[in-house]
Structures are given as C-alpha cells and as structure tokens.
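# Close look at the chain arrangement
This is what each chain is made of:
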Amino acid sequence: MSAVSDRLPAFPWDKLEPYKKTAAAHPDGIVDLSVGTPVDPVPEPVQKALIAAADSPGYPTVWGTPELRDALTRWVERRLGARGVTHHHVLPVVGSKELVAWLPTQLGLGPGDRVAFPRLAYPTYEVGARLARADHVAYDDPTELDPAGLKLLWLNSPSNPTGRVLSKEELTRIVAWAREHGVLVFSDECYLELGWEADPVSVLHPDVNGGSYDGIVSVHSLSKRSNLAGYRAAFLAGDPAVLGPLLQIRKHGGMMTSAPTQAAVVAALGDDEHVRVQRERYAARRTALRQALLAHGFRIEHSEASLYLWATRDESCWTTVAHLAALGILAAPGDFYGPAGANFVRVALTATDERVQAAVTRLTP
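Remember, it's a predicted structure, so these values are computed and weren't measured experimentally.

Strand order across the open sheet formed by 4 strands is β9-β10-β13-β12, with antiparallel pairing between neighbours. In the strand order of this sheet, the two ends are held by β9 (299-301) and β12 (332-333), each with one partner. The pairing of strand β10 (residues 308-312) with strand β13 (residues 345-348) spans 4 bridges and is antiparallel. For W310, the partnering residue across the bridge sits in β13 and is R346. Its contacts with the sheet place helix α11 (residues 273-295) against β9, β10 and β13, and it is angled at close to 5° to β10.

What follows is the structure, given as structure tokens:
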C-alpha cells in the first residue's frame, strides 16, 4: 500500500486545518468558503424518487437502468445540443472524482504515456496520472504540447478553480488538433450549467465536433446543479469506442451507482425548474460576495462561470488565507491548484444565505 500512496502528493486540504481553527474561533462562527460542497436542500422530486426506489434488494447494473440511459441521452441532446445520442454514448459513474482519479488506469495508461491538464486545475487530474504511473504535464494551450506519447488530454470548462470558459472557437480548435494527433479528449464539464458572464459550450455540440464523437468524451455531475454531492451521481457521454471498453472494465470492478441513486438521477435530469432555482441562489450569493471582495481590495479574474470567485490581493495565497481566517472566513489557497495560483484564493459560493451575509459584513470596510 505504501508503494501506491508514495506516488501521490500530500493531501492538500490538511494544510488548511490551522486556518480553519482560526476562522472557527470567530465570535460569530466560521464562514467556510473553501471546499465548495453544496448546502442547499436536495430538490423534493429527487428525494421522492430516491425514497420510492429504496426497496432495491438486488444488484444494480453498471450501465444503469434503461430509464436512466434514456434520461441521460435526452438531457445530453436537450441541454448540450448533441445529436444522435444512443445508450452506447452514455455511461453512469459513481461521482466524477472517482472517474477522474481512475480513468488513466482504466484506459491502460502507464510509464511512458502522458496525461495533460490545465496549468491551474483540479488536483485529481494529476493524481489519476500518478496512480497509473503515467507522466503528466500542465499546459496553457494544449495545442502547443508535444503530442508524442500524449494519450489523454483533460479539458475543464468552466474551470475549477478559475471559472474560465473555453469559447466554442477554442474548443473546436483543440478538438481538431487532438484528432489530428490521435489524442483522446476528456472534457470535464461539471459546472456547465453555471455560466454567469459566459454561456459554456460542450465538446458534444456539433459546432465543436463536426457531428462526430470520435475521440471525445464529456464528464458531467449532478453534485452542483442538483445538490447531489452526497448521492455520488455523475456520467460520461461521448465516443462509444471509448465508453464500451470502460463499461466492461467497470463491470469487472463493480463500479455501479446504487439503484436508488439511479432513480434519483432520472428525476433530477427530467426537471429543469430546480436547476433554475438553484442558479438564482448562487447568482445572488455570487453578486454579494463579489462586491464585498472588490470593496475589500481584492481583484477578481475570470470567474465568468462555476461556483467560485478567483480572487487576489497580489500577495502569497497563504497570507490572504490567514487574513481571511482572522475575519472568520475560510478560503482555498490557489496553490492547491498549481504553482500558477500562488497569489490567488478560491472563494466558493456554496454557503447559506445567512453565512454569505456574515462574510459580506466582515469584508465591508
């Protein structure tokens, strides 16, 4: 076991514990804007669907029920603009983090293969490469990478942590380059429904991929759009030539979403109203926190989508974390997401209205 764990970096969130204690000591309590975990209720129709499926004594299938696959294909076509999507184009997974961490291994990558991800990125992309003993490389523009040995290219739009959105033109250019060089593209689009100053586009849109899903797969999660982080509900959509072998591997590994969760996902993807309501909550919190941070002397970059504000006071991120912790506010240091984030903090919008107002009050000069 130590040989496997030794491949991994130190778990970054442990470094935040002393600052969490400082923030928790505030007389009015901590405002935790660090992790980005949903705090609002699971939508009622989703809860009802889960309860109705609670009596599920048999094993669920890895591929999911036909009803789930129908829901996935309908949503991908309705929401992403994809065309000609069949059950073979979709695959449910047990939360997107599990998929990201184990994908290189499940693809059979190893020493000599390279996995690429954005310069500022979710740390699990690197973890996945390390678990597979593959090499990894961070990029600013993926089309400037040496394609030799590059087997997996991660895109992330909207970005975690920056909120940056890749335009349709950028996505089209990247997909064309990847296909030219035989590089598999996985596009992490978990925040796609949370665009504020931009309208995020999927790699599954025909304007991006030319009507073909060859060599491209998108990753989607219900954690943020539907407050289902506790359900571990996510799915893949894209190239059947990639998803078919993954399905077989995951069958052998028993990587199956629980039957009640599958029923809940069907309900969640069939109801757009709760997504609209949740967007409005986040939009209001975003406006309040953004204005307060600017008034406090922060500069905010990108952040045109997702559930975070990428903020800086042009100092070490740890100096900023300490400053905010003294106010009872906990933020994530930018260097968790790569050295390029050393002067930034990531401020999550995932706190109750009451806690957001507390943060605003503390930040107001």
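Don't stop here, the text continues.
For the rest of this paragraph, the subject is helix α10 (residues 259-269). Along α10, the residues that are buried comprise P260, T261, Q262, A264, V265, A268 and L269. Looking at the buried side of α10, the elements it contacts are α3 (44-52), α4 (66-80), β8 (234-238) and α11.

So, about the pattern of salt bridges. If you walk through the whole model with that rule in mind, you get 22 salt bridges. Across the pair R119 and D140 runs a salt bridge, and its minimum N-O distance is 3.4 Å. Of this pair, R119 sits in the loop between β3 (114-118) and α6 (124-131) while D140 sits in the loop between β4 (135-139) and β5 (150-156), and the two are 21 residues apart along the sequence. Under the relative-accessibility criterion, R119 is labelled partly exposed at 37%. Residue R276 pairs with E273 through a salt bridge whose shortest N-O separation is 2.4 Å. With a gap of 3 residues between them, R276 and E273 both fall in helix α11, about one helical turn apart. One network of salt bridges, in which partners are shared, links D28, E354, R355 and R362.

On to the nonpolar core. Counting residues in each nonpolar core, the largest one holds 66 residues, and the members touching the most others are W154, F186, L236 and V345. At 5 residues, the largest contribution of residues to this core is made by helix α13 (residues 353-363). Those residues within four positions of L236 in sequence are excluded, and the remaining contacts are H89, V90, L91, V93, L99, F186, V217, S218, V219, L243 and L246. Judged by nonpolar contacts, the second largest core, of 41 residues, contains V76, A116, V185 and Y213.

Most of β3 is tucked away, with 5 of its 5 residues classed as buried. Alignment of β3 against β4, held across 5 bridges, turns out to be parallel. Bridge assignment links R114 to a residue of β4, and that residue is D135. Each parallel crossover has a hand, and for β3 linked through α6 to β4 it is right-handed. Judged from the 3 bridges that link them, β3 and β5 form a sheet pairing that is parallel. Residue R114 lies in a different strand from β5, and its bridge partner there is L150.

On to the packing of aromatic side chains, then. Per the stated rule, a full pass over the model turns up 12 aromatic pairs. With centroids separated by 5.9 Å and ring planes inclined at 65°, the aromatic side chains of W318 and F336 adopt a geometry described as edge-to-face. Of this pair, W318 sits in helix α12 (residues 317-326) while F336 sits in the loop between β12 and β13; the two residues are 18 residues apart in sequence, bridging distant segments of the chain. For the pair W318 and F336, one class covers both residues: buried. Members of the aromatic cluster, connected to one another through ring pairs, are W13, Y19, W310, W318, F336, Y337 and F344. Sitting over the ring of W63, R69 keeps its end group 3.9 Å from the ring centre. The aromatic ring of Y308 is capped on one face by R346, whose charged end is 3.8 Å from the ring centroid.

This part covers the sheet that holds β8. Spatially, 7 strands are ordered β2-β8-β7-β6-β5-β3-β4 in an open sheet, and the strand pairing comes out mixed. The sheet is open, and its two edges are formed by β2 (90-93) and β4, each paired on a single side. Averaged over all pairs of adjacent strands, the angle between their axes in this sheet comes to 20°, without regard to strand direction. Sheet strands in contact with α4 are β2, β7 (216-221) and β8, and its direction is about 110° off that of β2. Docked against the sheet, helix α7 (residues 168-180) engages β5, β6 (184-188) and β7, running at close to 170° with respect to β5.

Bringing the side chain of D239 into the picture now. Tracing the chain through its elements places D239 in the loop between β8 and α9 (240-253). Buried charge D239 goes without a salt bridge, the closest partner of opposite sign being R179 at 7.4 Å. Polar contacts involving the side chain of D239 include one to the main-chain amide nitrogen of G215, which spans 2.7 Å. Polar contacts involving the side chain of D239 include one to the main-chain amide nitrogen of A241, which spans 2.9 Å. Those residues within four positions of D239 in sequence are excluded, and the remaining contacts are Y213, D214, G215, I216 and V217.

All right, on to the pairing of β10 then. Of all the 5 residues making up β10, 5 are buried; the element is thus mostly covered by neighbouring parts of the structure. The side-chain alternation of β10 yields two buried faces, one formed by Y308, W310 and T312 and the other by L309 and A311. By the bridge criterion, 3 bridges tie β9 to β10 in an arrangement that is antiparallel. The residue bridging R299 from the neighbouring strand is T312, located in β10. Linkage of β9 to β10, two consecutive antiparallel strands, is achieved through a turn of 6 residues, within which H302 is found at a positive phi near 50°.

Here is what the cut-offs are and how they apply
Residues numbered from 1 in each chain as written. Predicted model: local features only at pLDDT ≥ 70, side-chain atom pairs only at ≥ 80, totals over all residues. Heavy atoms only, no water. Pairing = 2+ DSSP bridges. Helix = DSSP H or I, 4+ residues; strand = E, 2+ residues; numbered from the N terminus. Contact = heavy atoms within 4.5 Å. Axes fitted to C-alpha atoms, helices over the stretch in contact; angles between N-to-C directions. Buried < 20%, exposed > 50% of the residue type's maximum accessible area, 1.4 Å probe, protein only. Salt bridge = Lys/Arg side-chain N within 4 Å of Asp/Glu carboxyl O. Core = buried A, V, L, I, M, F, W, Y, C linked by side-chain atoms within 4.5 Å. Right-handed = clockwise from strand over helix to strand, strands pointing away. Phe/Tyr/Trp six-rings, centres within 6.5 Å; stacked < 30°, edge-to-face > 60°. Lys NZ or Arg CZ within 6 Å of the ring centre and 35° of its normal. Lys, Arg positive; Asp, Glu negative; His and termini not counted. Polar contact = N/O pair within 3.5 Å; in protein donor to acceptor, adjacent residues only side chain to side chain.

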